[in-house]
Amino acid sequence: MTVARPLRRPPSAPVVLTLLVAFLLVAAALVDAVAPLAATTMAGAGGCAVAAARLLRLTAGDGPDRRVRRRRAAVLLTVAAAVVGTTVAVLPLAPAFHRAEVAAVGLGAATLVYALGLLLLPGHSRLTPRARWRRGVDIVGLGTALLFAGWVLVPPGPVPPVVRVVTVVGAGVLAGLLVGALAGHRHYPGTARCRLGVAAVLLGLADLVVLLAYRAPAVALLTAVPLLVGGALLTAAGMTRAAAGDPAVPTRPSPAWPRVTAPAAVATVAAAGHLAFVGGFTPTAVLLGLAVIPPLVAREFISITDQRRWAGRLAAREAYFRTLVAGGRDLVLVLDDELRVRWLSAAGERWFGLRQEAVCGRPLADLLHPDDAPGVLTRLAGRPGNAAAPLPGDAVALLPGDAAAPLPGDAAALLPGDAAVPPSGDPAAPLLVARMRTGDGGWRETESTVSDQRTVPEVAAVVLHVRDVGDRRRPERGRPRGAATDPLTGLSTRRELLRVLDERGGTPGALLLLDVHGLGPARDAAGPDPLLAATARRLRDVVGPRDLVARLSGEEFAVVTDAGPVPAYALGERLLAALTEPCPVPTGMARLRVGVGLTELAATSPQDAVRQADLARRRAVQLGRNRVEWYDACLEEELVRRLDLERELPGAADRGELDLVYQPVLALADRRPAGIEALLRWRSPVLGTVLPAEFLPVAEDLGLLGELGRWVLDRACRQLADWSVGGRELWLAVNVTLAELLAPDLVPRVAAVLAGHGVPAERLVLEIAESRLGADLPTVVARLAGLRSLGVRTALDSFRAEHASLAQLRRLPIDLLKVQPRPVDPDEDARPLIDVVVGLGERLGVTVVMAELESEPDVARATRAGCRYGQGFALARPATAERVEAYFAEFPTTSR
């Protein structure tokens, strides 16, 4: 959007009168009608008085908070104008030999007040650190050049101290004002005018200081009049504009002022003038001249850095948009004024077979069907920007079938308004319907949205976004089985499947649902690929002539057969064998993974039959695919239960639904508690109490094991810290899964939890089930060793007391071994193996805990084998923390 340029108001009567009076006073002084000092005083003081009066009007009234700073700025600028006017007015009253000092004092006071006022104007506080750094370098460069110019242009001979001070300070102040005004005159024109006006006023005062200090001819004082009067009035005009909101000029890039050449030019002109009128340079002047160079080099370096940064951003943005265009389905054509193809996107070769070198430079008419080209070209050749201009009456549009016929009446290929909304979503954009040539000589039915950018200088082209709509229009061709047949495979569709199932009624049979993993659904729109075609062919080859084969989605197929349960299962096995055979594709051999769900067709609705087969298919997929699964009611209950668990488990810890129960571990000799095991329970308000054996596999599939493990460890250690207050020296066992044990952050996390609750490391035992160790035994050994290095004890749970387990027991750095009292084989005698495990544990320094002691004979058997500790229902049942604490109260002291 372009911002309108503000109207320029003519100067007001007081401003014109002030300028006229100043001109007359200067003219009168030049003809000796008025003393030059008196003319300078009257003109300067009068100009400052008029400016102060204009500024004073801006300080009245109340407004929103954002204008408070501007009113304060107007007050300060009014005071500064008054200081300048007073300074000029008192010069004739001061002694001649002190006038330079009086002017210098007024210059310093005005500079301070002006600086405070300008800092309150907009445009200063919004600068970024990088912009402030650039601004500072520009000020240093220009200020150094001005200082050098002032230093070498003063008359030769002794220089009054007040002139040196004004030269040094004035150079920096003028540089700051000029740089700020030049840099911000586009965005903040009012503020820029204020800065230029202040710079002129201060330069006029500095001129008076220098002329009075050198006792210059009186007529030379008239040179300060234009600076004083013009600067004061320009300051008032700029403040008026800034107080009104500082409307900016039309939004376009700000022209760059010569940041490097301007300081160099100032220094060069000053040096040339010095050489011409004075001669050689003093060492101080040489040093000041050399000081101009470093800021110029720094500014050039900043410019190069900015150019590289902007070039990198531009390249990244260009690559980003190029990627968006290249990855889209729509073909983008850029046409010149003669409607010749200037550029096309990568979709041209990918979806239409049109190569860049073969299309660029050709007229658009060569790509359009001869019947469609006239109407499209007439529309595109119309007046730029006339997006709603209709096509002539002989324009054509694509009708059902392969032929194109003229539209009746004044109809056109352009469908404006509510007739058609283009894919871009802009109802006002024109939509062209035409057939476009493909690279193999065929025709594609397309719709194109037009973006006429011929009036945009950066583009100067017509942009077409072309979309292939052949698949969408194909059902309109009137083919009898178009809605019942999949266009890519020739198989039946879901609608046809439901229709056939509905017509079967209660006829016996079976429905097989197949999940074929490896077929990409995103490739459907590009046509049937060899893998999809091979899958459809293999399905037809295996099923019987009366069986129906349907494609339900990208990777789902269905088969309806009249066979009974056993033949239907055999058919599923044959389908599984046929589809899992390697299939040749252009990139090699592809292997598909298939899950088959099977259900009998009884007196159920088609939707129920599909749902039951889908449940069986999902079960086959969950079990790893490449299998056939029957549907039954128990399966549905399991799947529904699984879905309930997957829905309710996330966030259970945050909702406070998790709980721990504790089962004591007793010393078998005196039945006193030596340790305790923390067991996780999920108290779901929807599902009731759920045991870990049921929800931990779901948590593993959902990636929640880490969250649950962290909660259990923190809660268990907190409870152990509470129990340790009473002097009980118990160890507490926490179960960890293999995934938790292999996590890289397990050891530091355990250390942090122990330190946070003040629990000694040797009081914590981490248990890992032997059956979960798997093949990654070296990593398990390393992680257990890391835990033991902290002082944490480790335990191997559910030790099976088999020969393989006994062999790997020596490799595991564990402290406790939990053994089941019953062998895996019910016919095997447990006592010999228990004796071996207890003896081996004593030799390895491992404490053996007999778990799952469910009866007194089990306890007696473990005691005879020499086992020191036991755990089970026969000794103590799991209970809440409060009940376990009451149980501990029966034992004044506890063994360890």
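Refer to the structure printed above.
The sections below set out a description of the structure shown in this document.

Procedures and definitions
Residues numbered from 1 in each chain as written. Predicted model: local features only at pLDDT ≥ 70, side-chain atom pairs only at ≥ 80, totals over all residues. Heavy atoms only, no water. 1 Å grid on protein atoms, 1.4 Å probe; cavity = no way out; pocket = protein on both sides within 12 Å on 5 of 7 lines; lining within 4 Å. Points joined across faces, edges and corners; volume = space filled by probe spheres on them. Helix = DSSP H or I, 4+ residues; strand = E, 2+ residues; numbered from the N terminus. Nonpolar A, V, L, I, M, F, W, Y, C, P; charged D, E, K, R; others polar. Phe/Tyr/Trp six-rings, centres within 6.5 Å; stacked < 30°, edge-to-face > 60°. Buried < 20%, exposed > 50% of the residue type's maximum accessible area, 1.4 Å probe, protein only. Lys NZ or Arg CZ within 6 Å of the ring centre and 35° of its normal. Expected span 1.5 Å × (residues − 1). Pairing = 2+ DSSP bridges. Axes fitted to C-alpha atoms, helices over the stretch in contact; angles between N-to-C directions.

Some words on empty space enclosed by the protein
Counted according to the given criterion, the structure contains 6 cavities of 30 Å³ or more. Estimated volume of the second largest cavity: approximately 70 Å³. Lining of the second largest cavity is provided by L364, L368, V376, L432, V433, A434, M436, T446, S448, L464 and V466. Looking at the lining of the second largest cavity, the elements that each hand over two or more residues are β5 (431–437), β6 (443–453) and β7 (461–468). With 4 residues, β5 is the single largest residue contributor to the lining of the second largest cavity. A per-class count over the lining of the second largest cavity returns 9 nonpolar, 2 polar and no charged.

Regarding the packing of aromatic side chains
Scanning all chains against the criterion turns up 4 aromatic pairs. With a centroid separation of 5.1 Å and 75° between ring planes, the pair formed by Y662 and W723 is classed as edge-to-face. One end of the pair, Y662, is in strand β15 (residues 658–667); the other, W723, is in helix α22 (residues 705–724), with 61 residues separating them in the sequence. We classify Y662 as buried; its relative accessible area is 2%. Ring pairing ties together the aromatic residues Y662, W723, Y887 and F888, which thus form one cluster. Its end group placed over the ring of F873, R877 keeps NZ or CZ at 4.2 Å from the ring centre.

Brief notes about helix α7 (residues 189–213)
Taking 1.5 Å per residue as the helical rise, α7 with its 25 residues ought to reach 36 Å, and the 36 Å between its terminal C-alpha atoms agrees with that figure. By the criterion of burial, α7 is predominantly enclosed, with 20 of the 25 residues buried. R215 lies just past α7 and shows a positive phi near 50°.

Re the sheet that holds strand β10 (residues 556–561)
Pairing is mixed across the open sheet formed by 5 strands, whose spatial order is β9-β10-β8-β13-β14. The outermost strands of the open sheet, each flanked by one partner alone, are β9 (548–551) and β14 (627–630). Sheet twist, expressed as the average angle between the axes of neighbouring strands with direction ignored, equals 20°. Examined bridge by bridge, strand β8 (residues 510–517) and strand β13 (residues 593–600) share 8 bridges and lie antiparallel to one another.

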